[in-house]
Amino acid sequence: MVEGKKDSVTHVHRIYIRASAQAIWDAITDPEWNGKYGYQAVQEYELKPGGKYRAIANEGMKQYGLPETIIDGEILEVKPPFKLVQSYRWHFSPEHVAEGFTKLTYEITPTSAGFCSLTITHDATGAPLMSAATQTPFNEQGGGGWDWILSDLKSLLETGKTMGA
Amino acid sequence: MIDEDLVFKALADTSRRFLLDLLRERDGQTLGELEWELEMTRFGVMKHLKVLEEAGLVITRKEGREKLHFLNAVPIRQIHDRWIDKYKEHQVSALVDLKQSLEKQKWSKAKKTA
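Residues numbered from 1 in each chain as written. Chains lettered and ligands numbered in written order. Predicted model: local features only at pLDDT ≥ 70, side-chain atom pairs only at ≥ 80, totals over all residues.

**A closer look at the overall build of chain A**
Point 1. The number of helices and strands found in chain A is six helices and seven strands.
Point 2. Secondary structure elements in chain A, listed N-terminal to C-terminal, are β-α-α-β-β-α-β-β-α-β-β-α-α.
Point 3. Radius of gyration (C-alpha) of chain A: 16 Å, near the 15 Å computed for a compact globule of 165 residues.
Point 4. With the C-alpha coordinates of chain A rotated into their principal frame, the extents come out at 45 × 40 × 35 Å. (Helix = DSSP H or I, 4+ residues; strand = E, 2+ residues; numbered from the N terminus. Rg over C-alpha atoms; globule rule 2.2 N^0.38 Å.)

Structure follows, in structure tokens:
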């Protein structure tokens, strides 16, 4: 380990999707779509600065003993359909809650070739449990993190199919 | 769009895989920090990072005066998902195909009215 660089822990994930910026924006922010891919938990967004964000446990998660609200946060910046900044905290265990809020930035950038790039920048400084969990490969316990979510989101938008369906 | 050939080529080199390992260990490093870990000239490390960046496996971001390098494992994930998907496709019945095409129509219809 090299010293310095504050104690900042940031991860960046990028995918290219053949879909409009609006379709990608909807897939992220619209509860109608955001429960269909990845971990399949519906997420509610109050799309204004200071607005609330939460992800609601699906039936499987509830049976697993997770609380009704599995993730919460606050909207920090909204520029539809290009940029969304929010805080983000897991409620999977008391340890996760204790880590507090991290910061997520979604950036959707259209290209002239008719597809968009979607970049997620996750500033997980001060949240080592969450940081480690989002970097694990997919497994039966629910690993996979952002890479898995993004890949599944792309599948949904481009083919209508998800890995879970 | 990410070119699969670029991803495979980028991964087919020990030094480049080592660079990805270094970023996996600690994301967001400068060229100087990465260079320190390899027995290679600065120019050599730069060349490898460029190949990784073109394959979408490394993303750079400017922070102040520094250029930080981040691991992006999404292209590897996509290759994995594609293989799993292809393998699964051999087993699906016509009925499942029908279900999926119906759902796809539903999706595009819903998007149009939205």
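**Some words on the nonpolar core**
Point 1. Core analysis: the biggest nonpolar cluster contains 34 residues, and Ile 24, Leu 150 and Leu 157 of chain A have the highest contact counts within it.
Point 2. Of all elements in the fold, only strand E1 (10-17), helix H1 (21-29), strand E7 (116-123) and helix H6 (145-159) of chain A together with helix H2 (14-25), helix H4 (42-54) and strand E1 (58-63) of chain B reach the threshold of two or more residues within this core.
Point 3. Ranked by the residues each element gives to this core, the list is headed by H6 of chain A, at seven residues.
Point 4. Filtering out sequence-adjacent residues up to four positions away, Leu 157 of chain A remains in contact with Ile 17, Ala 19, Ala 23, Ile 24 and Ala 27 of chain A.
Point 5. Counting five residues, the second-largest nonpolar core is a separate cluster that includes Trp 90, Ala 124, Ala 127 and Met 130 of chain A. (Core = buried A, V, L, I, M, F, W, Y, C linked by C-beta atoms within 7 Å. Buried ≥ 20, exposed ≤ 12 C-beta atoms within 10 Å, placed from the backbone. Contact = placed C-beta atoms within 7 Å.)

**Focus on H6 of chain A**
Point 1. Look at H6 of chain A: 21 Å from first C-alpha to last across 15 residues, which is about the 21 Å you get at 1.5 Å a residue.
Point 2. Taken from the residues just after H6 of chain A, Gly 160 of chain A is the one with a positive phi, measuring 80°. (Expected span 1.5 Å × (residues − 1).)

**Quick word on the sheet that holds strand E2 (residues 43-45) of chain A**
Within a sheet, adjacent strands bond to each other through the backbone by hydrogen bonds, running parallel or antiparallel.
Residues and elements named next belong to chain A.
Point 1. Ordered in space as E1-E7-E6-E5-E4-E3-E2, the seven strands form an open sheet in which the pairing is antiparallel. Two strands in the sheet have a free side with no partner beyond their single neighbour: E1 and E2. With strand direction ignored, the average angle separating the axes of adjacent strands in the sheet is 20°.
Point 2. Bridging between strand E3 (residues 52-56) and strand E4 (residues 69-79) involves five bridges; their strand directions are antiparallel. Considered in E4, the bridge of Tyr 53 is made with Gly 73.
Point 3. The strands that H1 touches are E1, E2, strand E5 (83-90), strand E6 (102-110) and E7; relative to E6, the one it contacts most, it runs at about 155°.
Point 4. Its contacts with the sheet place H6 against E1 and E7, and it is angled at close to 15° to E1. (Pairing = 2+ DSSP bridges. Axes fitted to C-alpha atoms, helices over the stretch in contact; angles between N-to-C directions.)

**So, the environment of Ser 112 of chain A**
Point 1. Here Ser 112 of chain A is to be found in the loop between E6 and E7.
Point 2. Measuring from C-alpha to C-alpha, the distance between Ser 112 of chain A and Glu 46 of chain A comes to 31 Å, with 66 residues separating the pair along the chain.

**Points about H4 of chain B**
Residue and element names in this part refer to chain B.
Point 1. The terminal C-alpha atoms of H4, which comprises 13 residues, lie 18 Å apart, in line with the 18 Å expected from a rise of 1.5 Å per residue.
Point 2. Every buried residue belonging to H4 is among His 48, Leu 49 and Leu 52, and all of these are buried. Taken around the axis of H4, the buried residues stretch over an arc of 100°, which confines them to a single face. Facing away from the buried surface of H4 by more than 90 degrees, the exposed residues are Phe 43 and Lys 50.
Point 3. The positive-phi residue at the C-terminal boundary of H4 is Gly 56, with phi of around 80°. (Arc of directions from axis to C-beta.)

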